[in-house]
Structures are given as structure tokens and as C-alpha cells.
Amino acid sequence: MTRRAAEIRLDALLRTACDVIVARGLANTRTADVAQAAGVSQALVFYHFATKDRMLAEAFAYAVEQDLARLDAVLRSAAPPLTKLRRLVKLYTPAGRPTSWSLWIDGWSESLRTPELEKVSRRLDLRWRQDLATVIAAGVADGTFECADPDGAAWRINAVMDGLAVQLAVHDRVISRRQFSDWVRLVTARELGLDPAQLD
């Protein structure tokens, strides 16, 4: 197998693994399930991942990197901090069938038992918060936001987003997407000295 063919096969396996994980959950996904769904041998799955835990961690990272690629596009843009903040809040809001959020929630849960997955989950989770803190600090520097502690504000805003997103994704009709958006805007505005309407 050429290096390029191996890379293509790995990408296809990761996409298939993500689909299987969404359907079965991290705890119930076996290498055999991924091999069957991909139409390949289980030996090929082990060739790429060595262990089931490695496969789950890499598939989780692969899925989350799709979300983070959209985050990176916002951060690299020339938009002012307030516009970037609005876009970040919108990106974080679960929409439609919350597949991405299902993976995050499942990943956090399984990280309690799988050290390899915990390392990946922590790295990706911290990256999101660091990027949010960067946008907040830029807004403080240009006078758009009032905030003495951008890192602390990022943690608090993120904690509210995570908690509400779990309720929205897991418990059908407990809160609405509208409530999620309104409450996140309210908390973010309070942290940054804004009027919530500025985050619409």
C-alpha cells in the first residue's frame, strides 16, 4: 500500500468510525463494527490504530477537528472582536440534529474511563476556551469589551454554554434553542460589559 493510499484509507476509516460512534456510542463501538461498516478487515483497522482506545480517540479528534476548523476560520478572519464573538457563540449553539454535541458529550463521559480519550478531549476542549479568551482579550485591547480577566471570563462563558448545550442535546424540550441563545448572550454580555442586543 502506498503512503497516499494509506492516508486515503485512514481518512475513510475515521469517517466511518465517526458514523458508527454516533450510532452506537463510544462505549459500544468495537473495531469489528467499524471494519464491517467500512467493508474492510479488522486487521486493517488494527494496522491503522493498534488498539480500540486509539481508534476511538483518533475518531473523536477527527470529528471535533471539523468543528475546530470552523472556529479557526473565524479567528483568522479580519473581522473585529465583537463580530468574531457573535460568530463563535453561533458556532457553539447546537443546531438541527446535534451530532457534534452528541459526540462531545459522549467523549466527555467516556474520558472518565479511557485515558487516551481524556487526553484528546482535554486538549481540544482547552483549545476552544483559549481561542475564546483570545477574542475576548482582543476586544478588551481595542476597547470593545470591559473585562479584567479574559481567561476567567472564557471559562465562565464556556461553562454556561456547555451546561445549556448538554440540556439541549440530551433532554428533549427541556429548553429551547431560543432560550439557549438568549441565556448565552445574557451571560456573555454581563462578562464583557455589553448589552445582550449587541450579540444578536
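The rules we used
- Residues numbered from 1 in each chain as written.
- Predicted model: local features only at pLDDT ≥ 70, side-chain atom pairs only at ≥ 80, totals over all residues.
- Heavy atoms only, no water.
- Phe/Tyr/Trp six-rings, centres within 6.5 Å; stacked < 30°, edge-to-face > 60°.
- Helix = DSSP H or I, 4+ residues; strand = E, 2+ residues; numbered from the N terminus.
- Buried < 20%, exposed > 50% of the residue type's maximum accessible area, 1.4 Å probe, protein only.
- Lys NZ or Arg CZ within 6 Å of the ring centre and 35° of its normal.
- Core = buried A, V, L, I, M, F, W, Y, C linked by side-chain atoms within 4.5 Å.
- Contact = heavy atoms within 4.5 Å.
- UniProt positions renumbered as here; feature names shortened; annotations may be inferred.
- pLDDT = per-residue confidence, 0-100.
- Axes fitted to C-alpha atoms, helices over the stretch in contact; angles between N-to-C directions.
- Parallel < 35°, antiparallel > 145°, perpendicular 65-115°, else oblique.
- Left-handed = near helix turned anticlockwise from the far one by under 90°.
- Nonpolar A, V, L, I, M, F, W, Y, C, P; charged D, E, K, R; others polar.

1. As for the packing of aromatic side chains
Right, on to step 1. In the structure shown here, the tally under the stated rule is 2 aromatic pairs.
Right, on to step 2. Between F60 and W104, the aromatic rings sit 5.7 Å apart at their centres with planes inclined by 85°, giving edge-to-face as the arrangement. With a gap of 44 residues between them, F60 in helix α4 (residues 52-76) and W104 in helix α6 (residues 99-111) connect regions that are remote in the sequence. This pair shows no difference in class: F60 is buried, exactly as W104 is.
Right, on to step 3. Centre to centre, the rings of W104 and W108 are 5.8 Å apart; their planes meet at 45°, and the pair counts as tilted. Taken together, the residues span about one helical turn, with W104 and W108 both in helix α6 at a distance of 4 residues.
Right, on to step 4. Grouped by ring-pair contacts, the aromatic residues F60, W104 and W108 constitute a single cluster.
Right, on to step 5. Over the ring of W155 we find R129, and its NZ or CZ is 3.8 Å from the ring centre.

2. Description of the nonpolar core
Right, on to step 1. Counting 56 residues, the largest nonpolar core has L85, L124, I136, L192 and L194 as the members making the most contacts within it.
Right, on to step 2. If you tally residues by element for this core, the top one is α4, at 12 residues.
Right, on to step 3. Not counting chain neighbours up to four residues away, the residues in contact with L85 comprise L132, V135, F145, T188, L192, L194 and L199.

3. Brief notes about the UniProt feature "DNA-binding region" (unreviewed entry) in the chain
Right, on to step 1. Mapped onto this structure's residue numbering, the UniProt feature "DNA-binding region" (unreviewed entry) falls at residues 30-49.
Right, on to step 2. Here residues 30-49 is 80% helix and 0% strand, with 12 Å between the C-alpha atoms at its ends.

4. Digging into the confidence of the model for the chain
Right, on to step 1. Confidence in the prediction for the chain averages 87 pLDDT; 93% of positions are at 70 or higher.
Right, on to step 2. When pLDDT is averaged over each element of the chain, helix α9 (residues 177-192) comes out on top at 94 and helix α1 (residues 3-24) at the bottom at 80.

5. A few points about the packing of helix α5 (residues 81-92) against helix α7 (residues 115-141)
Right, on to step 1. Axis separation between α5 and α7 bottoms out at 9 Å; the angle between their running directions is 155°. Relative to α7, the element α5 lies roughly antiparallel. For the element pair α5 and α7, the recorded crossing hand is left-handed. Residues P81, K84, L85, L88 and Y92 of α5 form the contact with α7, whose participating residues are W128, L132, V135, A138 and G139.
Right, on to step 2. Its residues assigned to classes, the contact of α5 with α7 comprises 8 nonpolar, 1 polar and 1 charged.

6. Topic: the side chain of T29
Right, on to step 1. Tracing the backbone through its elements, the reader meets T29 in the loop between α1 and α2 (31-38).
Right, on to step 2. For T29, the contacting residues outside a window of four places in its chain are V20, I21, R24, V34, K52, M55 and L56.

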